[in-house]
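# Results of the structural survey
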Amino acid sequence: MSIKNFRYDEVGLNRFFGPLEAKIMEILWNGNEMSIKEVQQLIEKERMINFNTVMTVMNRLVEKKLLVKRIEGRTSFYRPMKTKTEFIDEQSKKLTENLLDEFGEMVVNHMLDSLEDVNQNLLDKLEQKLNQLKKGKRNDVEK
């Protein structure tokens, strides 16, 4: 599943989704399988929202292959296809690959420049990954 419109000027899940989509995904990622009514009631704790609006958005998320729909009697239950971590991992990987494909060296330079303010654990992971990549390249040359 690929998000078509990444929003640079937003934060969190709103970079990938509209506000209501983000709220619905967050609710479902934090809970179990839920019906439209259950999701609507949780959203209504913050603001009034129409059942049909929630139903339309949830069914669109099914069409986008972000939610799975299961019908039991007359009630539809929804759950995310992937965990939040899996979703963010997949989307950030695609975004990075697209940026590298299009802008290559500039992207790497900007990523490295931004590392000045990160914690040491992230730098250590980056160093391990670079060493793995270098070893892999050496092994390919030796073959």
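Residues numbered from 1 in each chain as written. Predicted model: local features only at pLDDT ≥ 70, side-chain atom pairs only at ≥ 80, totals over all residues. Heavy atoms only, no water.

## Focus: the sheet that holds strand S1 (residues 34-35)
Taken in spatial order, the three strands of this open sheet run S1-S3-S2, and their pairing is antiparallel. The sheet terminates laterally at S1 and strand S2 (67-72), the two strands that pair on one side only. Sheet strands touched by helix H3 (residues 51-63): S2 and strand S3 (75-80). Its angle to S2, the strand with the most contacts, is close to 115°. (Pairing = 2+ DSSP bridges. Helix = DSSP H or I, 4+ residues; strand = E, 2+ residues; numbered from the N terminus. Contact = heavy atoms within 4.5 Å. Axes fitted to C-alpha atoms, helices over the stretch in contact; angles between N-to-C directions.)

## Some words on the environment of lysine 37
Residue placement: lysine 37 occurs in helix H2 (residues 36-44). Separated by 39 residues in the primary sequence, lysine 37 and serine 76 place their C-alpha atoms 9.6 Å from one another.

## A word on the packing of aromatic side chains
Under the counting rule described, the total for this entry stands at six aromatic pairs. Pairing phenylalanine 6 with tyrosine 8 gives two aromatic rings, centres 4.9 Å apart and planes at 75°, and the pair type is edge-to-face. Since its relative accessible area comes to 23%, phenylalanine 6 is described here as partly exposed. Centroid distance phenylalanine 6 to phenylalanine 16: 5.5 Å. Interplanar angle 65°. Geometry classified as edge-to-face. Here phenylalanine 16 lies in the segment before helix H1 (19-30) and phenylalanine 6 lies in the segment before H1, a separation of 10 residues in the sequence. (Phe/Tyr/Trp six-rings, centres within 6.5 Å; stacked < 30°, edge-to-face > 60°. Buried < 20%, exposed > 50% of the residue type's maximum accessible area, 1.4 Å probe, protein only.)

## Some thoughts on the packing of H1 against H3
Describing two packed helices takes the angle between their axes plus the distance from one axis to the other. Where H1 meets H3, the closest approach of the two axes is 10 Å, and the angle between their N-to-C directions is 75°. Between H1 and H3, the interaxial angle falls into the category roughly perpendicular. Note on element contacts: H3 touches H1 through Thr53, Val54, Val57, Met58 and Leu61, opposite Leu20, Glu21, Ile24, Met25 and Leu28. For the contact of H1 with H3, the class distribution of residues is eight nonpolar, one polar and one charged. (Parallel < 35°, antiparallel > 145°, perpendicular 65-115°, else oblique. Nonpolar A, V, L, I, M, F, W, Y, C, P; charged D, E, K, R; others polar.)

## Regarding the environment of leucine 20
With respect to the helices and strands, leucine 20 occurs in helix H1. For leucine 20 and tyrosine 8, which are 12 residues apart along the polypeptide, the C-alpha to C-alpha distance reads 18 Å. What leucine 20 contacts, discounting residues up to four positions off in sequence, is Ile43, Arg47, Ile49, Thr53 and Val57.

## Observations concerning a nonpolar patch on the surface
Taken together, the side chains of Leu100, Val108, Leu112, Leu126, Leu130 and Leu133 make up a nonpolar region of the molecular surface, amounting to roughly 470 Å² of accessible area. Checked against the element boundaries, leucine 112 lands in helix H4 (residues 84-114). (Patch = residues over 30% accessible without salt bridge, like charges linked within 9 Å, V, L, I, M, F, W, Y side chains within 5 Å. Areas by Shrake-Rupley, 256 points an atom, 1.4 Å probe, with all protein chains shown as cover. Salt bridge = Lys/Arg side-chain N within 4 Å of Asp/Glu carboxyl O.)

## A short note on H3
Its 13 residues give H3 an end-to-end C-alpha distance of 18 Å, which sits within 8% of 18 Å, the value for a rise of 1.5 Å per residue. Among the residues of H3, Val54, Val57, Met58 and Leu61 are the ones counted as buried. The buried residues of H3 all sit within an arc of 100° when viewed along its axis, so they share a single face. Structurally, H3 contributes buried residues whose contacts are with H1, H2, S2 and S3. If you check the start of H3, you find a side-chain oxygen 2.6 Å away from the backbone N of asparagine 52, and it comes from asparagine 50. (Expected span 1.5 Å × (residues − 1). Arc of directions from axis to C-beta. Polar contact = N/O pair within 3.5 Å; in protein donor to acceptor, adjacent residues only side chain to side chain.)

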